[in-house]
Amino acid sequence: MKYSANLTALHTADAVWVAIFEDGVLSETAQQFDTQGEISALIKCGEISGKIGETSLLRQGSQRIFLVGAGKPQEITERQFKQMVQKAFQATKATSAKNLFNGLTDVKIKGRDLYWNVRFAIETLEAESYVFDQFKSQKAETFALENVFFAIETEEVQRAIQQACAVALGVKLARDVANCPPNVCNPKYLADQAETLEKRTALVKTTVLGEKEMAELGMNAYLGVSQGAKNEAQLAIMEYRNHPNPNAKPIVLVGKGLTFDAGGISLKPAAEMDEMKYDMCGAASVYGVMNALVELQLPLNVIGVLAGCENLPDGNAYRPGDILTTMNGLTVEVLNTDAEGRLVLCDTLTYVERFEPECVIDVATLTGACVVALGQHNSGLVSTDDTLAEALFNASQQTQDKAWRLPLSEEYQEQLKSPFADLANIGGRWGGAITAGAFLSNFTKKYPWAHLDIAGTAWLQGANKGATGRPVGLLTQFLMNQCQ
Ligand code: BES
Ligand code: MN
Ligand code: ZN
């Protein structure tokens, strides 16, 4: 859909959203359509009372007026606002309306300004209208809505529209790659996406390393994981350089890209194993963020790294008991081949030292334990740097792409001791999301580092199964904040 600021659309759009507050209080836009008292009459007869989640359709000439319940004025939360937009969109989508005037800018979200009203509205609309039917013979039904107009023609609104569209594009691309099945989206496919981005813009240079190059670099932990797979591991590096000072240190984003994680010899149970195609959602989100960045042309240097690999059982697969020598020299005893993400990441985190990063953030569907700890609403945040952790937490609050920090104190390292090697790849039963982070922290000593565990937030299960595109919103906001 297309979004623009256009005041005159109020009278020309074939659909209008107007907010009705609780106890039937009319918003400003609602008053403009109540000159004959039709809206007041509908409220009076109980058709709509203004509760969040309500919608009602009224016709005025050629215009459809959607009355949208908006709760108590000044008090609604971000989540309630998104629910309003979702409901209003469902109602509008069912009609043949093409041009929508969005009067929900009358709604004040608690603690938020107009900028966020517009951003949340657009990002919600784009997320709601997402379909993934690439592999269906019968394509999803389309809807008529093409244009959405906002009532206020200010720089703030223009900026919100532009930034929301960039974030929404990043989210959509991340969802597309993530939803793609693992027989199509393999490590080579991920690397191909990274190369496509290079073709789109002169600001990005992409390099892809195969297993031969990784072997030369001594990335034996990464290669150990890949060794049971026929498809070759691929490490794709996208360098976006647009900082006014070309020598400015880059921000590095690293995404876990296990295009399928069967667990290896420590094989996973069959139930829900299909969902392990989503074990590349970290890489998908880094790819999405790089695309958003190119849209926004932010004046930064950012390097996005996709660590593509498969974890499969095979006669040549790595075994429990194997000791791998990582790129930074530390040896790791493999006690569970299903704790593969940290092995792929540890070598990638060593590899990125060469960029002398300002900071490194890795994004990974790393542990089931993180989902136990935080559920499916917050990503886990682990960091060795309070300033970086705070900046990521703030971006998560701003965007409501939520994350919550877990502690990372020295004690957790004790759980990773091995009698035979420098480290074990698992830390026992307790605090699994933290011990995974603690493992990684052994490879991040050269720069400020944070880790986002998105095992619970990257995709939805059940009837609405599908990738969410998280944490593209959080990370893009973090980068936007770095420009101020
Ligand atoms: N990709 C999984 C983590 C995962 C599991 C994400 C379920 C989302 C849902 C990861 O590679 C893994 O298997 N982790 C193990 C670690 C354990 C062996 C220490 C886990 O969480 O069970
Ligand atoms: Mn695993
Ligand atoms: Zn995994």
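Residues numbered from 1 in each chain as written. Chains lettered and ligands numbered in written order. Predicted model: local features only at pLDDT ≥ 70, side-chain atom pairs only at ≥ 80, totals over all residues. Heavy atoms only, no water.

## Description of the environment of alanine 455
Then comes step 1: Note that alanine 455 resides in the loop between strand S18 (449-453) and strand S19 (459-460).
Then comes step 2: For the pair formed by alanine 455 and glycine 368, sequence separation is 87 residues and the distance between their alpha carbons is 6.5 Å. (Helix = DSSP H or I, 4+ residues; strand = E, 2+ residues; numbered from the N terminus.)

## Thoughts on the environment of leucine 100
Then comes step 1: Mapped onto the elements, leucine 100 comes out in strand S6 (residues 99-102).
Then comes step 2: Discounting residues that sit within four places of it in the chain, leucine 100 has contacts with Ala13, Ala15, Val16, Trp17, Leu145, Asn147, Val148 and Phe149. (Contact = heavy atoms within 4.5 Å.)

## Some words on the nonpolar core
Then comes step 1: Ranked by size, the top nonpolar core spans 96 residues in total, and within it Trp17, Phe81 and Leu479 carry the most contacts.
Then comes step 2: Ranked by residue count, the leading element in this core is helix H6 (residues 155-179), at 11 residues.
Then comes step 3: Look past the residues within four positions of leucine 479 in its chain and what remains in contact with it is Ile251, Leu253, Val289, Leu293, Leu298, Leu300 and Val302. (Core = buried A, V, L, I, M, F, W, Y, C linked by side-chain atoms within 4.5 Å. Buried < 20%, exposed > 50% of the residue type's maximum accessible area, 1.4 Å probe, protein only.)

## Considerations on the UniProt feature "active site" (unreviewed entry) in the chain
Then comes step 1: In the numbering used here, UniProt assigns the "active site" (unreviewed entry) feature to Lys268 and Arg342.
Then comes step 2: Residue class for lysine 268 comes out partly exposed when judged on its relative accessible area of 21%.
Then comes step 3: In this view, lysine 268 contacts Asp261, Ala262, Gly263, Met273, Met276 and Asp338; residues no more than four positions away in its chain are not counted.
Then comes step 4: Under the relative-accessibility criterion, arginine 342 is labelled buried at 7%.
Then comes step 5: Residues in contact with arginine 342, not counting those within four places in the same chain, are Leu366, Thr367, Asn425, Ile426, Ala436, Phe439 and Leu440. (UniProt positions renumbered as here; feature names shortened; annotations may be inferred.)

## Quick look at the coordination of the manganese ion (ligand 2)
Then comes step 1: Around the manganese ion (ligand 2), the protein supplies Asp261 (OD), Asp338 (O), Asp338 (OD) and Glu340 (OE) as donor atoms, at distances of 2.0 to 2.2 Å.
Then comes step 2: Every donor counted, the six donor atoms about the manganese ion (ligand 2) form angles of 70 to 167° at the centre, which fits irregular coordination.
Then comes step 3: Read from N- to C-terminus, the donor residues coordinating the manganese ion (ligand 2) fall into the pattern D-x76-D-x1-E.
Then comes step 4: Aspartate 261 sits in the buried class, given a relative accessible area of 2%. (Donors = N, O, S within 2.8 Å, 3.2 Å for Na, K, Ca; no water. Tetrahedral: all angles 85-135°; square planar, octahedral: opposite > 155°, others 65-115°.)

## Focus: the coordination of the zinc ion (ligand 3)
Then comes step 1: At 2.0 to 2.4 Å from the zinc ion (ligand 3) lie its protein donor atoms, namely Lys256 (NZ), Asp261 (OD), Asp279 (OD) and Glu340 (OE).
Then comes step 2: Taken together, the six donor atoms coordinating the zinc ion (ligand 3) and their angles of 77 to 176° define a geometry best described as octahedral.
Then comes step 3: Of note, the donors binding the zinc ion (ligand 3) are all from one chain and are spaced K-x4-D-x17-D-x60-E.
Then comes step 4: Here the zinc ion (ligand 3) and the manganese ion (ligand 2) are spaced 3.1 Å apart, linked through aspartate 261, which binds each one.

## Some remarks on the UniProt feature "domain: Cytosol aminopeptidase" (unreviewed entry) in the chain
Then comes step 1: Mapped onto this structure's residue numbering, the UniProt feature "domain: Cytosol aminopeptidase" (unreviewed entry) falls at residues 336-343.
Then comes step 2: Across residues 336-343, helical content stands at 38% and strand content at 0%; the span's end C-alpha atoms are separated by 11 Å.

## Quick word on the sheet that holds strand S12 (residues 323-325)
Then comes step 1: Reading across the sheet, the three strands line up as S12-S13-S17 and stay open at both edges, with mixed pairing between neighbours. The sheet is open, and its two edges are formed by S12 and strand S17 (423-424), each paired on a single side.
Then comes step 2: Looking at chain direction, S12 and strand S13 (residues 331-333) are connected through three bridges and run antiparallel. Paired with threonine 325 across the bridge in S13 is threonine 331. (Pairing = 2+ DSSP bridges.)

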